[in-house]
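Each chain, written out:
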Amino acid sequence: MSNLIMPPPDRKVLGRRREIAQHLRSIIAAEAVIDDVEEMRAYESDGLTAYRQIPMLVALPSTTDQVSRILKFCQDEGIKVVPRGAGTSLSGGALPLEDGLLLGMAKFSSVLEVDYDNRCAVVQPGVTNLAITQAVEADGFYYAPDPSSQIACTIGGNVAENSGGVHCLKYGLTTNNILGLEVVLITGEVVRIGGKHLDAEGYDLLGLMIGSEGLLGVVTEVTVRILPKPETARALLMGFPASEQGGACVADIISAGIIPGGMEMMDRLAIHAAEEFVHAGYPLDVEALLIVELDGPEAEVDHLISRVSAIAEANSAVSIRVSETEEERTAFWAGRKAAFPAVGRISPDYYCMDGTIPRRQLPKVLSRMNELSKQFGLRVANVFHAGDGNLHPLILYDANEPGELERAEEFGAEILKLCVEVGGVLTGEHGVGVEKRDLMGTMFSETDLEHQQRVKCVFDADSLLNPGKVFPTLHRCAELGRMHIHAGRLPFPDIPRF
């Protein structure tokens, strides 16, 4: 990845920068168009900070109509567009282009409606994940997906990457908690997909759009499911003498038919970093720490706590603590949710990976990662969603040391190849972006990738939306024999258009 290749800049478009900025200022407020290089530096990268690029221009619209007019202008003029939410993407999904417009959606920050009868909320894409829960918690509801960055990441970005979180094992990823979307296509058309009901009829365009990484359209409104808070929630904090034993405990819990509200695992390096950062009361004499949260009726939770404790003991757990108060349960999770910034205190830089494996392969993969750590001479801290096999290895390096970034990338690539080798996938929630783009061939054949690109051609025939992401080779739509599109419109007549 260190020799990252993006689409070559269009010099004609670059030469019209001032003219393009002037036109954009006729659509949105003058101050909402940023063309000063120093001011645009805030947008030069997302959470994958190893790669940076100053965009040609930044536009900050605040209404769906403005987004529609901007996208239509960009299609008419052949201008590339990179949508951006809060910029917390860890795969380079919002990496700007030298000759592209960065479309910032931060001003779309309102909760538009809360509908308790239909157990949903309608929000704009710039609303943070946590803010959705805060808007409904007084009435006993919450929004289930909770990425560790939920205090900062926005729902629009969650939709783009199909984000998960510590409760995704029981309550699902973003795709399982979205009912409807308003999306603006590159043509400027505004379409609505789904609504306030489950399982919309016709094509599963909702499933197609969620996780599409900004390649198909720009989301301007999201209808999310909200759930009543469980009657009881308690967590177990369990320490193991080896990561393999912790991994075996995870598999045994699931095979016993128990579906925890959350199940997370951390290794020694991550445990020590998190404890020094938040003082959550983690044991420091263990190699692996498993956090298991059980929720539901109190009697059921008490019963499951005893079953999970017995399973942990059978897997040689050396310590088991059960939260007795809500404050204690929150403290258990505080260390896990602060693991990323905590690791940032013990290393100048770290590279956060994201791959998913079958749960039964957890002991094998952890053992192999330890071998790779020695091979590349770089430490790795492991924090991951143990319940669904979503790994988040943090490779520690120093970008100021020649060659360390390249070694970290090679190490990361080997981890992702290992995930695919054992029957897993390249990503669980971070997306492909530019980080995993050149590894797509390890999981998909050329035919697979061509078919995926045909889908993009239906929505974006000129490849103007977020080009250079996801696909290792970008074919022209004409080369792929794309589906027939009349006047640039989608071949799905049942989608409401506005």
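Overview of the structure. Note that the structure is a prediction, hence the values are computed from the model and not measured.

Moving on, we come to the overall build of the chain. Scanning the chain from N- to C-terminus turns up 17 helices and 19 strands. Taken against the 2.2 N^0.38 rule, which gives 23 Å for 498 residues, the C-alpha radius of gyration of the chain at 23 Å falls within 12% of a compact globule. Summarising its shape, the C-alpha atoms of the chain cover approximately 65 × 60 × 45 Å along the three principal directions. Counting all 498 residues of the chain, 56% fall into the buried class. Taking contacts inside the chain between residues at least 6 apart in sequence as the whole, the part at least 24 apart equals 73%. Taken together, the 44 basic and 69 acidic charged side chains of the chain have centroids lying 4 Å from each other.

Let us now look at the nonpolar core. Nonpolar side chains in soluble globular proteins generally cluster together in the buried interior. Residues I253, M263, L290, L294 and I395 are the most contacted members of the largest nonpolar core, which totals 61 residues. In terms of residues, this core owes the most to one element, helix α15 (residues 404–421), which gives 9 residues. Counting 36 residues, the second-largest nonpolar core is a separate cluster that includes V58, C74, I186 and V218.

Most of strand β4 (residues 100–104) sits out of view: 5 of its 5 residues are buried. Sheet topology places strand β2 (residues 57–59) next to β4; 3 bridges connect them, and they run parallel. Its bridge partner being in β4, A59 is matched across the sheet by L103. As paired strands, strand β3 (residues 80–84) and β4 are joined by 5 bridges and run parallel to one another. What sits directly across from R84, in β4, is G104.

Glancing now at the packing of aromatic side chains. By the definition in use, this model includes 4 aromatic pairs. Seen from their ring centres, F376 and F411 are 5.5 Å apart, and the 10 degrees between their planes marks the pair as stacked. You can see F376 sitting in helix α14 (residues 362–376) and its partner F411 sitting in helix α15, a full 35 residues away along the chain. Judged by relative accessible area, F411 falls into the buried class, the value being 0%.

Unoccupied space between atoms shows up once a probe the size of one water molecule is rolled over them. Here the second largest pocket defines a volume of roughly 750 Å³. Surrounding the second largest pocket, 23 residues form its lining, D146, H167, E326, R329 and K337 being those nearest its centre. Those elements that provide at least two residues to the lining of the second largest pocket are α5 (129–136), β14 (288–296) and α12 (326–337).

Let us now look at the environment of G93. Examined against the element boundaries, G93 turns out to sit in the loop between β3 and β4. With 165 residues separating them in the primary sequence, G93 and I258 have C-alpha atoms 35 Å apart. Look past the residues within four positions of G93 in its chain and what remains in contact with it is D46, V82, E161, G433, N466 and K469.

On to the pattern of salt bridges. Tallying each qualifying case throughout the model produces 29 salt bridges. We note a salt bridge from E98 to R11, for which the minimum N-O separation is 3.4 Å. Of this pair, E98 sits in the loop between β3 and β4 while R11 sits in helix α1 (residues 11–15), and the two are 87 residues apart along the sequence. In this structure, the salt-bridge partner of R268 is E287, at a minimum N-O distance of 2.8 Å. Of the two residues, R268 is situated in helix α10 (residues 268–278) and E287 in the loop between α10 and β14; the sequence distance between them amounts to 19 residues. Each of E38, R41, E44 and R52 takes part in salt bridges that share partners, so that together they form one network.

Okay, unusual backbone geometry next. Note: most peptide bonds trans; most residues except glycine with negative phi. Positive phi, close to 50 degrees, is recorded for R119, a residue that is not glycine. Within the secondary structure layout, R119 lies in the loop between β5 (111–115) and β6 (120–123). With a relative accessible area of 44%, R119 lands in the partly exposed category.

Time to look at the sheet that holds strand β8 (residues 178–184). Taken in spatial order, the 5 strands line up as β5-β6-β10-β8-β9 in an open sheet, and their pairing is antiparallel. In this open sheet, the two edge strands, each paired with only one partner strand, are β5 and β9 (190–194). Each strand of the sheet is rotated relative to its neighbour by a mean of 15 degrees, with strand direction disregarded. Pairing of β8 with β9, which is carried by 5 bridges, proceeds in the antiparallel orientation. Residue V184 lies in a different strand from β9, and its bridge partner there is V190.

Conventions and cut-offs
Residues numbered from 1 in each chain as written. Predicted model: local features only at pLDDT ≥ 70, side-chain atom pairs only at ≥ 80, totals over all residues. Heavy atoms only, no water. Helix = DSSP H or I, 4+ residues; strand = E, 2+ residues; numbered from the N terminus. Rg over C-alpha atoms; globule rule 2.2 N^0.38 Å. Buried < 20%, exposed > 50% of the residue type's maximum accessible area, 1.4 Å probe, protein only. Contact = heavy atoms within 4.5 Å. Lys, Arg positive; Asp, Glu negative; His and termini not counted. Charge placed at Lys NZ, Arg CZ, Asp CG, Glu CD. Core = buried A, V, L, I, M, F, W, Y, C linked by side-chain atoms within 4.5 Å. Pairing = 2+ DSSP bridges. Phe/Tyr/Trp six-rings, centres within 6.5 Å; stacked < 30°, edge-to-face > 60°. 1 Å grid on protein atoms, 1.4 Å probe; cavity = no way out; pocket = protein on both sides within 12 Å on 5 of 7 lines; lining within 4 Å. Points joined across faces, edges and corners; volume = space filled by probe spheres on them. Salt bridge = Lys/Arg side-chain N within 4 Å of Asp/Glu carboxyl O. Axes fitted to C-alpha atoms, helices over the stretch in contact; angles between N-to-C directions.

Coordinates in, geometry out; function isn't part of it.
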